[in-house]
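Reading the structure
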Amino acid sequence: MEDVKEQPSQSHGQDDENEIVTENTAFVHGEPTQDASGPPKVDSEVEILHEKVTKQIIKEGNGQKPSKYSTCFLHYRGWAETTQHKFEDTWHEQQPLEMVLGKEKKEMTGLAIGVSSMKSGERALLHVGWELGYGKEGSFSFPNVPPMADLLYEVELIGFDETKEGKARGDMTVEERIGAADRRKMDGNALFKEDKLEEAMQQYEMAIAYMGDDFMFQLFGKYRDMALAVKNPCHLNMAACLIKLKHYEEAIGQCSMVLAEDENNVKAMFRRGKARAELGQTDAAREDFLKARKYAPQDKAIARELRLLAEHDKAIYQKQKEFYKGIFGPRPEPKPKRTNWLIFLWQWLVSLFYRIIRRERVKAD
């Protein structure tokens, strides 16, 4: 499969050749925009999935629905309905949940019923009765859920793998996990070329889910290098999508993840600089571009961005100059002092009087 090549410069090419690098690139798989302190308010139609499970769609998905034994990757938040206590949030933890349908934990039975009705990219609000949640006893460890608590879940299905045997990531060899992630990345690249950014990001996030922190901590030497050669380009490709969609904060986060592993990654510095510049964080953007230029001094794209920042600063200075000029106005010209003729006449008379007296004294002598 042919992959998108870097434009406009090759000096960013520290990642593998399959990476999407298109520049000049809003929000798909980051945190929901609604207030995370409580469940979202949804007015869509209520769909009854089970006697104890209902669903309301927040955002439509695409494609097929997962079948039994599919390995699903999802983000979710969970609340106890009566207390509105939030007991779980995978968005906050930045770690999607992996769930094999039909092999889920007992307390996630209701959640699994909801997930099985969803399409990739779909976001929904689920209402789950306590019987299909944490049951009569609840949970007093982690997560902390009261007894007999009906549950509310805000769920986003990132994507799923159809596997007859229901093989989870934990049962795969290192090579199998890296291979599965790489296939997802390649699928994402193809979707990006078709400008299907949301679907592309689903594939990248699926790929990253195969290489979570728990997995990466166990890798050393060549296996860690192999994993990072797939994982880092996925973060950078997601950043490219997010910049194109104008979700700059999330793009910064994706680039920062790469820089945490590879502090001299030119593409990560460049894309984070672009995102920061769009947010008006010009000093931080300049810092990223200058550091990137240190490792890629001939890169025309970096030079262009630095030039744009300089022009931006100059324009701001001129606007400020005009603004303050308008407030205080031009410096007033000094006004000539008015001559007070009465004082002048009085001074003349006094002077004349003294001259007359002096003259008389001279005559007397």
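If you're wondering where the values come from, they're calculated on a predicted model, not measured in any experiment. Residue numbers run consecutively from 1 along every chain, following the written order of its sequence. At least 70 in pLDDT is required for a residue's local features to be given in this predicted model, at least 80 for side-chain atom pairs to be given and counted, and no such filter applies to totals for whole chains, interfaces and linings, which use all residues. With hydrogens and water excluded, all non-hydrogen atoms of the structure serve as input to the side-chain values.

1. Considering the packing of aromatic side chains
Selection criterion: Within 6.5 Å between ring centres, the rings of Phe, Tyr and Trp (the latter by its six-membered ring) count as paired, and their orientation is classed by plane angle as stacked under 30 degrees, edge-to-face over 60, tilted in between. Numbering goes from the N terminus for both helices and strands, where a helix is a DSSP run of H or I of at least four residues and a strand is a run of E of at least two. Classification of residues uses two cut-offs on accessible area relative to the type maximum, computed with a 1.4 Å probe and protein chains only: under 20% is buried, over 50% is exposed, and between them is partly exposed. Cation placement over rings: the criterion is NZ of Lys or CZ of Arg within 6 Å of the ring centroid and within 35° of the ring normal.
According to the stated counting rule, one finds five aromatic pairs in the structure shown. Measuring from ring centre to ring centre gives 6.1 Å for F87 and Y153, while their planes differ by 80°; the resulting arrangement is edge-to-face. You can see F87 sitting in strand 4 (residues 86-89) and its partner Y153 sitting in strand 7 (residues 151-161), a full 66 residues away along the chain. For the pair F87 and Y153, one class covers both residues: buried. One aromatic cluster is present, built from ring pairs that chain together Y76, F87, Y134 and Y153. Between the NZ or CZ atom of R177 and the centre of the ring of F215, over which it lies, the distance is 4.1 Å. The ring of Y223 has K222 sitting right over it, with the charged end atom 5.2 Å from the ring centre.

2. With respect to unusual backbone geometry
Here the amide bond leading from F142 into P143 is cis, since omega sits at 0°, within 30 degrees of zero. Positionally, P143 belongs in the loop between strand 6 (123-128) and strand 7. In this model, K246 sits at a positive phi of 70°, which is unusual for a non-glycine residue. For K246, the location among the structural elements is in the loop between helix 6 (221-244) and helix 7 (248-261).

3. Describing helix 9 (residues 282-295)
Under the convention used in this document: Here the expected length of a helix is defined as 1.5 Å per residue gap, with one fewer gap than residues. The arc in question is traced by the directions running from the helix axis to the C-beta atoms.
Taking 1.5 Å per residue, 14 residues should reach 20 Å; helix 9 reaches 20 Å between its end C-alpha atoms and fits that length. Those residues of helix 9 not exposed but buried are T282, A285, D288, F289 and A292. Buried residues of helix 9, viewed axially, fall in a sector of 125°; they line one side. Of the residues in helix 9, the exposed ones pointing more than 90 degrees away from the buried face are D283, E287 and K294.

4. Thoughts on the UniProt feature "repeat: TPR" (unreviewed entry) in the protein chain
Rules: UniProt positions are given in the numbering used here, feature names are shortened, and annotations may be inferred rather than shown by experiment.
The UniProt record annotates "repeat: TPR" (unreviewed entry) at residues 266-299. Taken end to end, residues 266-299 is 79% helix and 0% strand, and its first and last C-alpha atoms sit 10 Å apart.

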